[in-house]
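Per-entry structural report
What follows is each chain in one-letter form.
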Amino acid sequence: MTLSKKEIDSLLRLVGLTRESELNCEQCLALVSEFAERQLAGKSVSESLQHVEHHLSICEECREEYEALRRTLEAVEEQDG
Ligand SMILES: [Zn+2]
């Protein structure tokens, strides 16, 4: 049986054997607010936040979380002027 890379990745995620450079959802969500704030401020992101960015590109759940957070931050910024 042949698995695509995507299938292998999702299997690895299921058994908790993701490559060490990849964050799991818990780690991603712990960093996502910092990532969103930096994105919004137009600041560069550190290496760990680049892992967040990568995780967001492959994980729909965390991406939704990020987008919700970002909308909140944008709304707060508008209120603050
Ligand atoms: Zn995730």
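It should be noted that the structure appears before, not after, this text.
Below is a short write-up of the structure. Once a new chain begins, its residue numbering starts again from 1 and follows that chain's sequence as written. Whole-chain, interface and lining totals are the exception, using all residues; otherwise, since this is a predicted model, local features are given only for residues with pLDDT of at least 70 and side-chain atom pairs are given and counted only at 80 or more. Side-chain calculation: all heavy atoms of the structure are included, whereas hydrogens and water are not.

A short note on the side chain of Glu22
A run of DSSP states H or I qualifies as a helix once it reaches four residues; a run of E qualifies as a strand once it reaches two. Both are numbered from the N-terminal end. The topology assignment puts Glu22 in the loop between α1 (5–14) and α2 (25–41). Any two residues having at least one pair of non-hydrogen atoms within 4.5 Å are treated as being in contact. If sequence neighbours within four positions are ignored, Glu22 has contacts with Gln27, His54 and Ile58.

Considering the coordination of the zinc ion
Around the zinc ion, the protein supplies Cys25 (SG), His55 (NE2), Cys59 (SG) and Cys62 (SG) as donor atoms, at distances of 2.0 to 2.3 Å. Ligating atoms shown are N, O and S within 2.8 Å of the metal, or 3.2 Å for Na, K and Ca, and water is not included, meaning a site may look less than complete. For four-coordinate sites, all angles between 85 and 135 degrees define a tetrahedron; for four- and six-coordinate sites, opposite donors beyond 155 degrees with the remaining angles between 65 and 115 define square planar and octahedral shapes respectively, and all other cases count as irregular. Classification of the site at the zinc ion as tetrahedral follows from its four donor atoms and the range of 103 to 114° in their angles at the metal. In terms of primary sequence, the donors binding the zinc ion are separated according to C-x29-H-x3-C-x2-C.

A word on a nonpolar patch on the surface
Together, Leu3, Ile8 and Leu11 give the surface a local cluster of nonpolar side chains, amounting to about 220 Å² of exposed area. Each residue is assigned to one of three classes by its accessible area relative to the maximum for its type, calculated with a 1.4 Å probe on protein chains only: buried under 20%, partly exposed between the two thresholds, exposed over 50%. You can call Leu11 partly exposed: its relative accessible area is 42%. Residues enter a patch when their relative accessible area is above 30% and they make no salt bridge; the linking distance is 9 Å between like charges and 5 Å between nonpolar side chains (Val, Leu, Ile, Met, Phe, Trp, Tyr). Using a 1.4 Å probe, the Shrake-Rupley method yields the accessible areas, and only the shown protein chains count as cover for residues. By definition, a salt bridge exists where a carboxyl oxygen of Asp or Glu is found within 4 Å of a side-chain nitrogen of Lys or Arg.

Details of the side chain of His55
With respect to the helices, strands and loops of the structure, His55 is situated in helix α3 (residues 47–58). Accessibility expressed as a relative area gives 2% for His55, which makes it buried. N or O atoms within 3.5 Å of each other form a polar contact, as long as, within protein, one can give a hydrogen and the other can take it, and as long as residues adjacent in sequence are counted only when both atoms are side-chain atoms. Separated by 3.1 Å, the side chain of His55 and the backbone oxygen of Leu23 make a polar contact. Contacts of His55, omitting those with residues within four sequence positions, involve Leu23, Asn24, Cys25, Cys28 and Cys62.

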